[in-house]
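# Examination of the molecular architecture
Chain by chain, the residues run as shown.
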Amino acid sequence: MAPREPALSANFLVAMRSHTRSHKIKMALWLAWFLALEVAAFLVPYTLLRNVERLWGAFLFWNVFAVLAIISLFLLTRGWRE
Amino acid sequence: MGLSLYLALAAYTFLGFAVAWAARKGLGRGLADFFLANRTLGGVVNALSYSATTYSAFMMVGLAGLTYRGGVGALGFELVYLSGLVLAAFFGPRFWLAAKLRGYVSPAEMLGDRYESRAVTLVAALASLLFLIPYTSVQLMGIAYLLQELSRGAVPYVAGVLWATFLALAWARVGGLRSVAWTDAFQALVMLVSSGLVVFFAVCGIGGIAAFFHGLEQNYSRWLAVPGPGFFQFSTFLGLSLPWFFFCLSNPQVSQRLFVPRSLLALRRMLRGFLLFGFIYTLISITWGFSARLLLPDLPNPDLATPTLLASPVIPPVLAILAMLGIVSAAISTMDSVLLTLSSMFARDIYALLRPGASEARQLAVGKWIIPVISGAALVFSLFRLDLIAVLAVSSSAALLVLVPATVGAFLWRRGTAKGALASILVPGILVMVLQFGNLKPLGLWPGVWALISSTLLFVAVSLVTSPPRGAEDFLDRINALLAERNVL
């Protein structure tokens, strides 16, 4: 098991906590969006589109869902820096 | 097809070895050098390798068959899986930073360190070995059956198993992750190009893209809705999709890849590249299955959709051989990655814990030595074709879900404890086995759903009544500080 590094200073931790507050709000919003997207992916084709035997039914819905998920992930990772 | 098939297999073997040997150049002597390519892989190779590792022969055989049988539900299932990359986008930077900071080689080692428990490391590693060796042997069986079917018996089952084992073993052994990643990248391109060409010819055989869509709406409209022809009832869809949604966290051969990129931006390129590859490859697989439905409507068994389509007159024989190589590539690229990951887990998480004083060089020697042993076990299982192995392989995606709550908790919940992690892995792991062996689906829910529910409840409940590790606060503060510096949520 890897050895533990020295503990972080108290001042640093206080600064970190105020910084992470805005992160937590952003994180909650992203979480809510992805949760809504996933729940929709499971439920919409089995409820609203259940009897729609056309290409614009579940087929189109799941494709749009995937494109939205991919765009969202591109945006989520956009601000990363070294 | 006989001679051309042998020539194609020989060319594929030769090219794969050439790539593996070339990638070996500059290989260092450390454990991370061999198993993690010294954490220096670039984004594009990583994206292709991640794609080839994730997508096995299942896509062109199993998923195409599922589309043939159940229709559009197969598309939803696979795209829900792809959207599960949100977990890699969220946990990927955490894994990457923690591994860089603390020198982790395997995901089980990371869990054990976070929970300050050797037992957690050991149990997570053993669970991975227990379920992934049978999964590997099923990949072998898939390759061997396919070769036998397409060659009309010219390549016997046993020869196919031996050949595929040899390649996976050799490519993992030659240069560790360097050779695996580069051969994976080569194979990912073979997978994409060959399957794309098959779909192109199949759709042309139907009369073009308009005729393809028109044919589906006119003759197979039930296949465009769920539950459609009946296979994709909601419980089936949920039971299939849920384990796969968590795949990037639950399966160590892919979660270990989050340790590997040379930088955070390389990790981002890897995730983005995989998303694009996965979306295209999924659409190709689904179109493949629907094309088989339109061209070959009366197959007695959906598993025959792919071999029959490849043998049909709309696919030129040369392309059928290339497509077969694409499917073999998908299987071998998954196998060699699993072999390498399991070997690293054996060396780092089992051997090193049982022999605490073992040097890194010794651990590496054991890790290299175990690759042929694990390959041999998979080979023997695939030769005997035991029911037990099939059940373990089928349950692997559901059973490995038990690692998810402890993994998520490691980074998000300071109160998570070692005892909580152990309970969340062991008890649901046994439950999944019982459900799978007994073919039981209480309340109509599949074993994977029960695995996730029971594992989460146990992790939370047991953690709340036990003490968290002393270093948990420090571990999380440090990772969160590094994440904030890099503007990662």
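Scroll up a little and you will see the structure.
Throughout, residues of each chain are indexed from 1 in the direction in which the sequence is written. Here the convention is simple: chains get letters from A, ligands get numbers from 1, in the order in which they are written. For this predicted model, a pLDDT threshold of at least 70 governs which residues receive local features, and a threshold of 80 or more governs which side-chain atom pairs are given and counted, while totals over whole chains, interfaces and linings are taken from all residues. Side-chain measures were taken over the full set of non-hydrogen atoms in the model, leaving aside hydrogen atoms and water.

Counting from the N terminus, the helices are DSSP H or I runs at least four residues long and the strands are E runs at least two residues long. Scanning chain A from N- to C-terminus turns up two helices and zero strands. Each residue's exposure class comes from its accessible area (1.4 Å probe, protein chains only) as a fraction of the maximum for that residue type: buried when under 20%, exposed when over 50%, partly exposed otherwise. Within the span of chain A, comprising 82 residues, buried residues form 35% of the whole. Working note: accessible area of chain A is about 5,100 Å², and carbon and sulfur atoms make up 71% of it. Here, Shrake-Rupley sampling with a 1.4 Å probe gives the accessible areas, and only protein chains in the shown set may cover a residue.

Another aspect to go through is the overall build of chain B. From N to C terminus, chain B includes 23 helices and zero strands. The C-alpha atoms of chain B give 22 Å as radius of gyration, which agrees with the globular expectation for 489 residues (23 Å, within 12%). Expressed along its principal axes, the backbone C-alpha trace of chain B runs to roughly 65 × 50 × 45 Å. Per-residue burial for chain B yields a buried fraction of 65% across its 489 residues. Radius of gyration means the value over C-alpha atoms here, while the globule rule gives 2.2 Å times the residue count to the 0.38 power.

This part takes up the layout of surface pockets. Here the term cavity refers to a set of points on a 1 Å grid, laid over the protein atoms alone, in which a 1.4 Å probe fits but cannot get out; the term pocket refers to an open set having protein on both sides within 12 Å along at least five of seven lines, with lining residues being those that place an atom within 4 Å of a point. Grid points are joined across faces, edges and corners, and a volume is the space filled by probe spheres set on the points. Counted as a void, the second largest pocket has a volume near 920 Å³. Along the wall of the second largest pocket there are 28 residues; nearest its centre are A:Leu31, A:Leu35, B:Leu87, B:Phe246 and B:Val408. Looking at the lining of the second largest pocket, the elements that each hand over two or more residues are helix 1 (10–43) of chain A together with helix 6 (85–102), helix 12 (234–245), helix 20 (404–412) and helix 22 (447–464) of chain B. Top element by residues in the lining of the second largest pocket is helix 1 of chain A. It accounts for nine residues. Under the convention adopted here, Pro, Cys and the residues Ala, Val, Leu, Ile, Met, Phe, Trp and Tyr are nonpolar, Asp, Glu, Lys and Arg are charged, and Gly plus all remaining residues are polar. A class-by-class count of the residues in the lining of the second largest pocket yields 25 nonpolar, two polar and one charged.

With that settled, consider helix 7 (residues 107–114) of chain B. Residues and elements named next belong to chain B. Of all eight residues that make up helix 7, eight are buried, and the element is covered over most of its length. Within helix 7, burial applies to Pro107, Ala108, Glu109, Met110, Leu111, Gly112, Asp113 and Arg114. Should any heavy atoms of two residues lie within 4.5 Å, those residues are counted as being in contact. Against helix 6, helix 8 (118–150), helix 14 (252–255), helix 17 (317–354), helix 20 and helix 23 (472–485) lie the buried residues of helix 7. The residue sitting at the N-terminus of helix 7 and contributing the capping side-chain oxygen is Ser106; that oxygen lies 3.3 Å from the backbone nitrogen of Ala108. One or two residues past the end of helix 7 sits Glu116, with phi positive at roughly 50°. Pairs of N or O atoms within 3.5 Å make up the polar contacts considered here, provided that, within protein, one atom can donate a hydrogen while the other can accept it, and that residues adjacent in sequence are counted only when both atoms are side-chain atoms.

This paragraph deals with the interface of chain B and chain A. At the interface, 63 residues of chain B touch 48 residues of chain A. Simply put, the buried area is the total loss of 1.4 Å probe accessible area from both parts when two parts are fitted together. Contact between chain B and chain A buries roughly 5,200 Å² in total, counting both sides, with carbon and sulfur atoms accounting for 67%. Criterion for a salt bridge: a side-chain nitrogen of Lys or Arg within 4 Å of a carboxyl oxygen of Asp or Glu. At the junction of chain B with chain A, the criterion picks out one salt bridge. Close ionic contact of B:Glu217 with A:Arg54 constitutes a salt bridge, the shortest N to O distance being 3.1 Å. Counting across the chain B and chain A interface gives 15 residue pairs in polar contact (both at pLDDT 80 or more).

Here is a general trend for soluble globular proteins: nonpolar side chains tend to be buried in one another's company. Throughout this description, the term nonpolar core refers to a set of buried Ala, Val, Leu, Ile, Met, Phe, Trp, Tyr and Cys residues connected via side-chain atoms within 4.5 Å. Within the largest apolar cluster, 199 residues are counted, with the highest numbers of intra-cluster contacts made by A:Trp62 and B:Ile332. Examining the composition of this core, we find that 18 residues originate from one element, helix 17 of chain B, more than from any other. Ignoring any residue separated from it by four or fewer positions in sequence, one finds B:Ile332 in contact with B:Tyr12, B:Ile143, B:Trp163, B:Ala164, B:Leu167, B:Ala168, B:Trp171 and B:Gln187.

A few words on empty space enclosed by the protein. Unfilled space is identified by rolling a water-sized probe across the atoms. Residues and elements named next belong to chain B. This structure, assessed with the given rule, holds six cavities of 30 Å³ or more. Considering only enclosed or pocket space, the largest cavity measures out at about 100 Å³ in volume. What lines the largest cavity is a set of 14 residues, and nearest its centre among them are Pro107, Leu111, Leu249, Leu403 and Thr407. Top element by residues in the lining of the largest cavity is helix 7. It accounts for four residues.

Once that is clear, we can look at the packing of helix 4 (residues 58–70) of chain B against helix 15 (residues 264–295) of chain B. All names here are of chain B. Each axis is a line fitted through C-alpha atoms, and for a helix only the stretch in contact is used; angles between axes span 0 to 180 degrees, taken between their N-to-C directions. For the pair helix 4 and helix 15, the least separation of the axes is 8 Å and the interaxial angle reads 55°. In terms of orientation, helix 4 and helix 15 fall into the oblique class. The two elements helix 4 and helix 15 meet at a crossing, and its hand is right-handed. Mapping the contact onto sequence places Met59, Met60, Leu63, Ala64, Thr67, Tyr68 and Arg69 in helix 4 and Tyr281, Thr282, Ile284, Ser285, Ile286, Trp288, Gly289, Phe290, Ala292 and Arg293 in helix 15. Within the contact of helix 4 with helix 15, the residues separate by chemical class into 11 nonpolar, four polar and two charged. Roughly parallel means an angle under 35 degrees; roughly antiparallel means over 145; roughly perpendicular covers 65 to 115; every other angle is labelled oblique. For a crossing to be left-handed, the near helix must be turned anticlockwise from the far one by less than a right angle; the clockwise case is right-handed.

Turning to the packing of helix 20 of chain B against helix 22 of chain B, a few remarks are in order. All names here are of chain B. For the pair helix 20 and helix 22, the least separation of the axes is 8 Å and the interaxial angle reads 45°. Comparing the axis directions of helix 20 and helix 22 gives the class oblique. Contacts from Val404, Pro405, Ala406 and Gly409 of helix 20 reach helix 22 at Leu452, Ser455, Thr456 and Phe459. Residues belonging to the contact of helix 20 with helix 22 are distributed by class as follows: five nonpolar, three polar and no charged.

All names here are of chain B. Note on ring pairs: Phe, Tyr and Trp rings are taken, using the six-membered ring of Trp, and paired if centres are within 6.5 Å. Classes follow the plane angle, with under 30 degrees stacked, over 60 edge-to-face and the rest tilted. The tally for this structure, following the rule as stated, stands at 37 aromatic pairs over all chains. Ring centres of Tyr50 and Phe274 lie 4.9 Å apart, and the angle between their planes is 70°; this geometry places the pair in the edge-to-face category. Within this pair, whereas Tyr50 is found in helix 3 (residues 43–54), its partner Phe274 is found in helix 15, the two being separated by 224 residues in sequence. With respect to burial, Tyr50 and Phe274 carry one shared label: buried. Seen in terms of ring centroids, Phe95 and Phe259 are 6.2 Å apart; in terms of plane orientation they differ by 50°. Their pairing is tilted. With Phe95 in helix 6 and Phe259 in the loop between helix 14 and helix 15, this pair connects stretches of sequence that are 164 residues apart. Taking the relative accessible area as the measure of exposure, Phe259 reaches 1% and is therefore buried.

The quantities given are spatial measurements derived from coordinates; they are silent on function.
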